[in-house]
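Here is what each chain is made of, one letter per residue.
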Protein chains: 2
Amino acid sequence: MAGFRSKFDTLRWRDGRLEMIDQRVLPAEILYLPFDSAMAVADGIRSMVVRGAPAIGCAAAYGIALDALRLRHQPPAEFNRELGSAFCALAASRPTAVNLFWALARMRSAWETCRNADAAQSAERLLEEAHAIFADDVAANRRMGRHGAELIKDGARVLTHCNAGALATAGHGTALGVIRSAIEGGKKVSVIADETRPFLQGARLTAWELMQDDIPVTLIADNAAGHLMSRGEIDAVIVGADRVAGNGDVANKIGTYQVAVLARRHNIPFYVAAPLSTIDGAIACGADITIEERGADEVRGHGDLHWAPAGVAVRNPVFDVTPAELVTALITEQGVMRAPDACKIKALLNESRHLK
Amino acid sequence: MAGFRSKFDTLRWRDGRLEMIDQRVLPAEILYLPFDSAMAVADGIRSMVVRGAPAIGCAAAYGIALDALRLRHQPPAEFNRELGSAFCALAASRPTAVNLFWALARMRSAWETCRNADAAQSAERLLEEAHAIFADDVAANRRMGRHGAELIKDGARVLTHCNAGALATAGHGTALGVIRSAIEGGKKVSVIADETRPFLQGARLTAWELMQDDIPVTLIADNAAGHLMSRGEIDAVIVGADRVAGNGDVANKIGTYQVAVLARRHNIPFYVAAPLSTIDGAIACGADITIEERGADEVRGHGDLHWAPAGVAVRNPVFDVTPAELVTALITEQGVMRAPDACKIKALLNESRHLK
C-alpha cells in the first residue's frame, strides 16, 4: 500500500511566511492563518491555533526564523536583542510540551554557529534550520511508525486519546503515524477515538484526520473507554506525549493517565509514541513536569456555547502524568523500548547523541 | 443547620396533572413542562426531560395515575385494556434504571388491590400510590443521607459523577443527599463535579443544583478526575446508581466504572448511595444488566451544536457496570453496607421485606 499523503498541511512555509491550519475551528472550517512574526506565532501557540508537541516545536522554530528575516536589515546589536526577545516570547507560550524548548534550543545553537555572520546570513541560516526541524520531524514520525507498526496486530481495535496525528506534528503523526504505518504495511486497523474534553481534539481533529485518510474511526465520550475495555472491545492503546521524563513518566493530554490505569486493569498494552525531541533527560520524573492549567471557559462549555452555570468554579489542568510503570512500550524513531525506565532512557539519549 | 429545602421541584402534581422541570435545558432555562398522559410521560422519560433512576420511577408512577384519571369514566374492560397499554409504554421508555420497573410493579400491585372497584375509585387509589412513591422516595433519601453522612469527614473534598441529586429523585438526592445531610450535620464539605459527557449532567445539573444551595462545587472535565486523585485532591467519591445487581455490581452513568477504578488505585473510598428500590435481586450480576445505547448526535456535539465531523461513527453506551469489589460501601435507607456482596444484599432484601 502506498504511503499516506495528507490532504492538509498542519503548518507550511509559503511566500516568506508561515501558514498554519486553524485547529480551533476544525473540522467545521479549513482555514490557513498567516504568521509573520515570532510574537504572532507565540499567540498562535497560546491560543491553540496549533497544538501537539512536535507541531508546536516546528511552529516555534519558524517563529524565530520569521523574526530573523524581519530583522535582517537591522544592525547586529539590534538584531541580537530583538531575536533574544523572540526566543523569550516563544518559550513563554506554553509550559508543558518540551519540544517547544527543544526546538528553541536547536534554533539557538544554529544562531550561535553564525555569530560572525551578518543579520541577513543569520536569518538565512535560521530559516534553513527551521526547515530542517520540520523535515526531521516528518522523517522521525515515519521511522517511529515503522517501528511501532510491528506492535499492532492485524485486525486490532486501537484506542487513542487526544490527537497525536499529522495535525500534531509536521506530518504523518506519532500515535496515528504508527497506525498509518501499520495500515501501509497491509494490516487492518480500526481506531476508537476518545473525544478528549475539554478541547475535543479527538472529536474534532483525530476523527477528521482519520476520515480524510479513510481509516475506520469510531468516536466515543471519554467516559466510555473503560466500558469498552471491560467488554473486550479494545486491543491496544496508543497515545503521543508532550514530555517524557528521564525515568519514562509521560506527560500527555489530560485523561491519558486514566486510560493507562484502565488499560492496565484490563491487560491491554499501552503504547506511547514520541520522538526523541519529546524526551526531557533533564527532568528526573513526572512529578517535576509543569502541568499547564487553562481558563475556566474551556470546561464551562465549548467555543461560545456555555452550558454550565455562569460563574461556576472550575479546575482545568490540561495535561497529566502517566507513570512509566503503566507504559508497555515507548516507541521512538530509534525503535521500541519495552517497559521504559531511567536506565533505558539514559542509554537511548546517549546513543542518539553519538548518532548525531 | 436547618434541612435544605430545594428551590425547585424535579416533578410535582399541580391541578390534576404532572409537571416536570425540563432537565434538557437546565441551567439556561428553568422550565416546567406539563404532562397529562402515560404516553406523554414515556416520551418525557425517553427524551430525558426527566432522568435519574428514582425520579424516573416517580414519573412513571404518575404516568399510570394520569392515564387512570383520564380513563376513569370508561367501562371496566376499556379501562383495564388501556391502562395495561400504559404500563407497557412506560416500561419501554428506558431500559437500565430498575426503579422504573419497581415503580410500575408497585402501581400494578395497587391496581390489583382494587380489581373490584370501579374505574374512578381505581384511579383515585393509583394517584394515592403515586403520591406515596414520591413521598417514600424523599423519606428514603433523607434516611440514606443521615446514614451516609457518617462516612463523610469534616473538610472532605468529594468527587461525584453525573447527577444523583434532588434533580434525580423526588427530592434531597441520593449521592448529593448524603452531602446535604453531612452539611446539615455541621460538616464542611466541598464537591468536585465531573461534567459527565455526553449529556453533561454534572456540568448542567449537579453544578446548578449545588450552587442553588450554596454548597461549594468545582467543575472538572471527566478526564481530570484521575489527575486530581493523583495529586491528593479527592478524599472520597460518591455516586448514585441506576440498578444494583444481586451481587452488588452497580450500573450507573457511563464513566462511573472509570472513577471507581481510579479511586481504588488511589485508596480513595468509593461510595454508592441508592434506595432499596434500585436493588434488583432478580439480576445475579452486572453482566446481566441491559446497557442502553443512545443516539450518535449526543457524542458528536451538544444540543444543536455539532463539533465532530458529520457522519463520524459513534458508540454511545450511556451506562456502565462497576463490579462490587470496587465499592467501598453501599448506602441505602436501611444503613451502610460495607463491601457489598450477594449474601449481604440477599439479607438486606429479606429484612426489608419483613419491615413492610
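Every chain is numbered on its own, with residues counted from 1 as its sequence reads. Working convention: letters from A go to chains and numbers from 1 go to ligands, in the order in which they are written. Confidence filtering applies because this is a predicted model: local features only for residues at pLDDT of at least 70, side-chain atom pairs given and counted only at 80 or more, and all residues used for totals across whole chains, interfaces and linings. No hydrogens and no water enter the side-chain calculation; it runs on all heavy atoms of the structure.

Remarks on the sheet that holds strand E2 (residues 17-21) of chain A
Residue and element names in this part refer to chain A.
Move 1: By the convention used here, strands pair only if DSSP detects at least 2 bridges between them. For helices the rule is a DSSP run of H or I covering at least 4 residues; for strands it is a run of E covering at least 2, with both sets numbered from the N terminus onward. Ordered by their spatial adjacency, three strands build an open sheet running E1-E2-E3, and the pairing between neighbours is antiparallel. Where the open sheet ends on each side, the last strands, each with one partner, are strand E1 (11-14) and strand E3 (32-35). Sheet twist, expressed as the average angle between the axes of neighbouring strands with direction ignored, equals 30 degrees.
Move 2: The pairing of E1 with E2 spans four bridges and is classified as antiparallel. Paired with Arg12 across the strands is Glu19, a residue of E2.
Move 3: Should any heavy atoms of two residues lie within 4.5 Å, those residues are counted as being in contact. The axes used here are C-alpha line fits, helices contributing only the stretch in contact, and every angle between their N-to-C directions lies in the interval 0 to 180 degrees. Running at roughly 20 degrees to E1, helix H2 (residues 53-70) makes contact with E1, E2 and E3 of the sheet.

Here's the deal with empty space enclosed by the protein
Move 1: A cavity here means a set of 1 Å grid points, computed over protein atoms only, where a 1.4 Å probe fits but cannot escape. A pocket is an open set with protein on both sides within 12 Å along at least 5 of 7 lines, and lining residues have an atom within 4 Å of a point. Grid points are joined across faces, edges and corners, and a volume is the space filled by probe spheres set on the points. For the structure on display, the rule yields six cavities of 30 Å³ or more.
Move 2: Considered as a void within the structure, the largest cavity measures approximately 200 Å³ in volume.
Move 3: For the largest cavity, the lining is made up of 23 residues, of which Arg51(A), Gly52(A), Ala53(A), Asp242(A) and Asn252(A) are closest to its centre.
Move 4: Secondary structure elements with two or more residues in the lining of the largest cavity: H2 and strand E9 (250-253) of chain A.
Move 5: A breakdown of the residues in the lining of the largest cavity according to their chemical character gives ten nonpolar, eight polar and five charged.
Move 6: Of the domains in this structure, domain 1 (11-141) and domain 2 (144-355) of chain A are the two that each give at least three residues to the lining of the largest cavity.
Move 7: Elements that contribute at least two residues to the lining of the second largest cavity include exactly helix H2 (53-70) and strand E9 (250-253) of chain B.
Move 8: Per element, the largest residue contribution to the lining of the second largest cavity is three residues, and it comes from H2(B). Residue classes follow a fixed rule: Ala, Val, Leu, Ile, Met, Phe, Trp, Tyr, Cys and Pro count as nonpolar, while Asp, Glu, Lys and Arg count as charged, and any other residue, Gly among them, counts as polar. Here the limits of each domain have been adopted from an automatic or database domain assignment.

Focus on the sheet that holds strand E15 (residues 319-322) of chain B
Residues and elements named next belong to chain B.
Move 1: Ordered in space as E11-E8-E9-E15, the four strands form an open sheet in which the pairing is mixed. Each of the sheet's edge strands pairs with one partner strand only, and the pair in question is strand E11 (279-280) and E15.
Move 2: By the bridge criterion, two bridges tie strand E8 (residues 243-245) to E11 in an arrangement that is parallel. Paired with Val244 across the two strands is Ile279, which belongs to E11.
Move 3: Packing against the sheet, helix H9 (residues 256-265) makes contact with E9 and E15, and its axis sits at approximately 30 degrees to E15.

Any link to function would need more than the numbers given here.
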